[in-house]
Each structure stands twice: as C-alpha cells, then as structure tokens.
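Observations on the model geometry
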There are 2 protein chains.
Amino acid sequence: MAKYVFGIDVGGTTVKCGLFSIDGTVLEKWEIVTRTENNGEHILPDVAETIQAKIAERELEAVDIAGIGIGVPGPVNDKGEVPVAVNLHWGYKNVAGELRSKLGLPVYVGNDANVAALGEMWMGGGRGTKNLIMVTLGTGVGGGIIINGKILTGSHGAGGEIGHANVDPGYTKTTCNCGNQGCLEQFASATGIVNLAKEELEKADTDTCLKAETVSAKEVFDAYKAKDAVAERIVARFAEYLGNALAVFAAVVDPEVFVIGGGVSKAGQTLIDAVAKIYRRDAFADCKETPLVLAELGNDAGIYGAAKLALQ
Amino acid sequence: MAKYVFGIDVGGTTVKCGLFSIDGTVLEKWEIVTRTENNGEHILPDVAETIQAKIAERELEAVDIAGIGIGVPGPVNDKGEVPVAVNLHWGYKNVAGELRSKLGLPVYVGNDANVAALGEMWMGGGRGTKNLIMVTLGTGVGGGIIINGKILTGSHGAGGEIGHANVDPGYTKTTCNCGNQGCLEQFASATGIVNLAKEELEKADTDTCLKAETVSAKEVFDAYKAKDAVAERIVARFAEYLGNALAVFAAVVDPEVFVIGGGVSKAGQTLIDAVAKIYRRDAFADCKETPLVLAELGNDAGIYGAAKLALQ
C-alpha cells in the first residue's frame, strides 16, 4: 500500500506543492513560480520537474506514491482536461495526460475551488463529514460542494459556482465580472462588501468611522465589532444576502456543514454569527441546525484537497 | 442475469405497482388501496402480498427478479428506514427490512419525489442524462436531484426540497406549510399561483376573465394563453420566482437538464417558455443553455424510478 501522495495547487502567481502521508499529515510544503509566458507552456513541465526532484531528494519509490492530485483555476472535465484557464494563459490543456506521461504516476485533476472544499472536508473545518458546502469569501465568492465525499463537478464544470447564484435579479447598480447583475459575489465578496459600504455611506445620516474612499471589508467588520451604526447596516445587508443564499443552497443539497473561508472570513466568529442568524431564519426546518464553521486550512486547503483527490 | 424488477410507489390513498423488464419496459401496472388505519400497519404487508401474488400468477423465479424498489412519502435514510411518514400514518418504519424479510428479495427504498426524478431520468423527460433537477409543481412544489445517476438524499433527507428554498425572505402575506415565509412553494405551486392571482386581482385596473373567488392555476394559464393582461402579470411573477430559483440551483449543482412536472406543468410549453426566459437571464454563463423540459411519465414517474432504484 502506498505511503505518500503529492498535492499541487496551481495559482496565477505561484504553484503550491505538498508532500503528504496518506493519513493527511503534511511532510513538506514548498512553492514554485507559475510561469504564464508562452500560453503557460512551462507550468506543467515545471510541476513535473519539482515533483521528480522531490522524489529523488527523498529517494521515494514509485510503488510508495499513491499519485499526484492537482487543482487548477478553471473548469475540469472527467478526463482531467481543462478547456480554458484564463489566469494561467491556457487554452485547452490535457493536464492529467501531460503530467501522467512525464511522471509515470496516477494523476487526478480538479478545479481549485472544488479541491479546496475537499481539503477542508479531509483535514479542515469539515473534518469528519462527507457532505459540505464550502464558501470562499475572497476578491470574488468561490465555492465547492462535496457529496458523499466526492466533488460535485456539474455538467458544465459549474457545480459549486455559488458566487454566481443570482440572489438579487433586480439589482442594477453594479455588474458582476461574469456579465450578470445580482450575483452573490456582488454582495458577499471583499469587493462586494466595499460596494455595499459605499452605498450605505452615501445615505448615512449618523456618525461613522468608515470613509467611502478608503473603506475595506476588514474595516467594515472591525467597525461592526466596535458597534459602528453604519457598519452594522452594511454587515446586516451582507448577512441578509449570504445567510439567505445558504438557506436556499441547503434546500438543494442539504449539507452536513457549511465551511466559510477566504480573506473576508478572517472577521471570524462575528461574521459567522451574523450570517447564521439569517440562515436559521430562512432555512427549511430539517436544515436549520446545520452548522456554519470557519475554514481551518487557509491557503493550504488546495494542496490538502489535491492530495485527497489522488486518494479517492 | 435478472430479467424483471418491481417498482412500487406508495401514496396516501393508493399504492401504484409496476412490473418492468430491466430495460425499462413496463410489463404490467396495477394499484392497491393504501390502508392507513392502525398507524398504517397493513401497508407493507399489503405490498408484499400483491408482489407475491404477481410472482405466483406469472410464475416468476426469484433468480429472475433483480429486486423491489419502493418510493414512500417521507425522508428515507441509507438503511431504507423511514423516521416518519405523516400521510401513511407511520412513525418509524424499517421499510427495507420488513419487506425484505417478507419477500426474500433485495429491497431498495427512496423518498417519492426523489424516486420520481430518477424515473424521469431513466425513461422520461431526462432520458439519456445522469444529472438533473426535477421540479414537481403540484399542490406543493416537490423536487428531486440526480447527480451521476444517483439520488442526492442530503444529510437530513432534505436534498432536493427545493419547494422550501426561501426565494423571498421579505414576503409575509402567507405562511408556508413548513412554517417559513417566502418559500418557492408559496409562489410556484398550484396554491401559490392562486395566491399570486388573488394579489394581482385585488389591484387589477384592467378587464380580466379571472375571478378571485374561483380562480385556479389552470384558469390563469388558459387566460395567459388568451393574452389576458392580469393573467400575464400573474404568470410573470410566477416565472420570475421559478426562473430565478432554477438559475440559483444551476449555480449550485449545474444539472444537464431541468425536468418540470406536476399538475401545473400541464400548461405545457407556454409555461416552460415563460420560466426559461427568466432562467436564461439569471443563470451563470456556462449554464444558460441548460434545457428546461416537460416531464413525460406523469403519475408513473414513481414506479419507473422505484424500479430503477432497484437496478442500481
């Protein structure tokens, strides 16, 4: 039985790499630069090279390696092919095929947001569960859904694209990067919170420590913790959108847990409490007690999830 | 290899039964009465008896029977147990265990709405797909979600409970049977459409053939087809709720197809077109072309799906 597994998380600027024992202990973590020039043609050769170097350095036997899991920022089909990955400057790329032929080891490929969800299920906030929805509140809103321990990919690779759930079809003040108006991402991402803050600051009639020109999601939550009245209105709108959306998602997939991660989630339990209050108001009776928890693996969720992908 | 499979759909008044060949051809359909007296204690013995009678009548060999699939109106756990089924007057019931011990054949149990979705996937509107969302617009709004050919049960048996997606948390005029306010069922079921009709008729300032006292969902759609201005407003609101909700669901599970069934769906392609227009406005780019189709199996979806459940 194999002892080791590699987890690789390819981002637009760095490739995060992890060598794990198959029980989920990380033995070593390192990073290489993502070289996106020439349509990102160096990326997979660089990944293969760093893995081969690590195998040589640690004198690992092929028979001891369960495989290589890799998360990429784009849709991934059943065969481990990527039709396009804008951040990597890739058009079509047979990720599984190319890495497999270079390494002679099993290769498993997944979308980075979905793979992060798998990581949180394996060794993070969702440990011990097999069904979860991961929500990543960063520059955008990402998501990943795990059903019976497996990633829900969807029929166009759009499974778990919860940032683009249209939660306010009447909203026209800003347009989402996806072209639609009213996406959850427009209200619950770091950028979305800043937009909500600007709207609330424009009509604010009370004192506030927030300034429209420089406001950030972190400042909003800091002011909220200090009971700033305008920050309370901003967080209430954020929580209304996200809490209601999670209640709708629960009526679809009924997860065991929601795991909330990404930069915005650094606001911590305060954020969870605000969102959970709305969630419990709107959720179907059988799902009202479903826990909302903070993600635990931070930027390492991708390498953990990639490793787990190779163990399934 | 087995040649036959039984599909059983237990409802509150009748039990629908089907004998199928394993390729999905229905060989015979029949019904028995659902005897709910004494906490429904006769229901499973009656089911076992009618199956045994059919096996005897047709002189079937046990080795030729793949199994018995059965759909019941309540949540079902992994072991084929039902904690409670109000319409059958059941408390806890080990459906799989009880039928298996009476029949000596493999028994597979599912929730009736989920099983109907499986039936539509196998031999109905979703034939040829493995990922679908079924929406049943009846007295309530039911749902079933199939991922990779399997029912999405959810961690509390609430997977696919899309009628209780809270699509309008600010709505307080009526309360859903589930106790919440703003559930999709309050707007998109036959009852919900009547409620929307009453609201629109109250404020109507133009001539209409609809009357608040007697209006039905069918009359609304008939008037809509005849271009009645008030009916157009009612259907527009119905379509806004349902089309947007389907777009949100698509951003979660990204199905290959939506299958729309139930009594309200008898309005046909006109209804599909109205809902699809809003769906395509609100859906994430990759999911905009996902087809919305009518269910094809009507009240037989349950026996088809139950049979398919026994073949998995």
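One can find the structure itself at the top, above this paragraph.
Residues numbered from 1 in each chain as written. Chains lettered and ligands numbered in written order. Predicted model: local features only at pLDDT ≥ 70, side-chain atom pairs only at ≥ 80, totals over all residues. Heavy atoms only, no water.

Before going further, it helps to examine the sheet that holds strand 2 (residues 14–21) of chain A. Residue and element names in this part refer to chain A. Within the open sheet, the 5 strands sit side by side as 3-2-1-4-7. Their pairing is mixed. On the outer flanks of this sheet lie strand 3 (26–33) and strand 7 (107–111), each paired with one strand and no other. Strand-to-strand twist of the sheet, defined as the mean angle between neighbouring strand axes without regard to direction, takes the value 15°. Sheet analysis places strand 1 (residues 4–10) next to strand 2, joined by 7 bridges and oriented antiparallel. The partner of Asp9 across the bridge, within strand 2, is Lys16. Sheet strands in contact with helix 2 (residues 43–57) are strand 1, strand 2, strand 3 and strand 4 (65–72), and its direction is about 145° off that of strand 3. (Pairing = 2+ DSSP bridges. Helix = DSSP H or I, 4+ residues; strand = E, 2+ residues; numbered from the N terminus. Axes fitted to C-alpha atoms, helices over the stretch in contact; angles between N-to-C directions. Contact = heavy atoms within 4.5 Å.)

Counting residues at the interface gives 38 residues for chain B and 38 residues for chain A. Both faces considered, chain B and chain A share a buried interface measuring about 2,900 Å² in area, 59% of it formed by carbon and sulfur atoms. Three residues stand out in chain B for area buried against chain A, namely Val252, Asp254 and Phe284 of chain B, and they jointly supply 21% of the buried area on that side. On inspection of chain B and its partner chain A, the count reaches 0 salt bridges. Linking chain B with chain A are 24 residue pairs in polar contact (both at pLDDT 80 or more). In terms of residue count, the dominant contributor to the side of chain B that touches chain A is helix 8 (residues 229–253) of chain B (8 residues). Of the residues that constitute the side of chain B that touches chain A, the class distribution is 18 nonpolar, 12 polar and 8 charged. (Buried area = accessible area lost by both parts, 1.4 Å probe. Salt bridge = Lys/Arg side-chain N within 4 Å of Asp/Glu carboxyl O. Polar contact = N/O pair within 3.5 Å; in protein donor to acceptor, adjacent residues only side chain to side chain. Nonpolar A, V, L, I, M, F, W, Y, C, P; charged D, E, K, R; others polar.)

What follows concerns the sheet that holds strand 4 (residues 65–72) of chain B. All names here are of chain B. Pairing is mixed across the open sheet formed by 5 strands, whose spatial order is 3-2-1-4-7. With one partner strand each, in any of the chains shown, strand 3 (26–33) and strand 7 (107–111) form the two edges of the open sheet. Mean inter-strand twist for the sheet, computed between neighbouring axes without regard to direction, equals 15°. Pairing of strand 2 (residues 14–21) with strand 3 involves 7 bridges; the strand directions are antiparallel.

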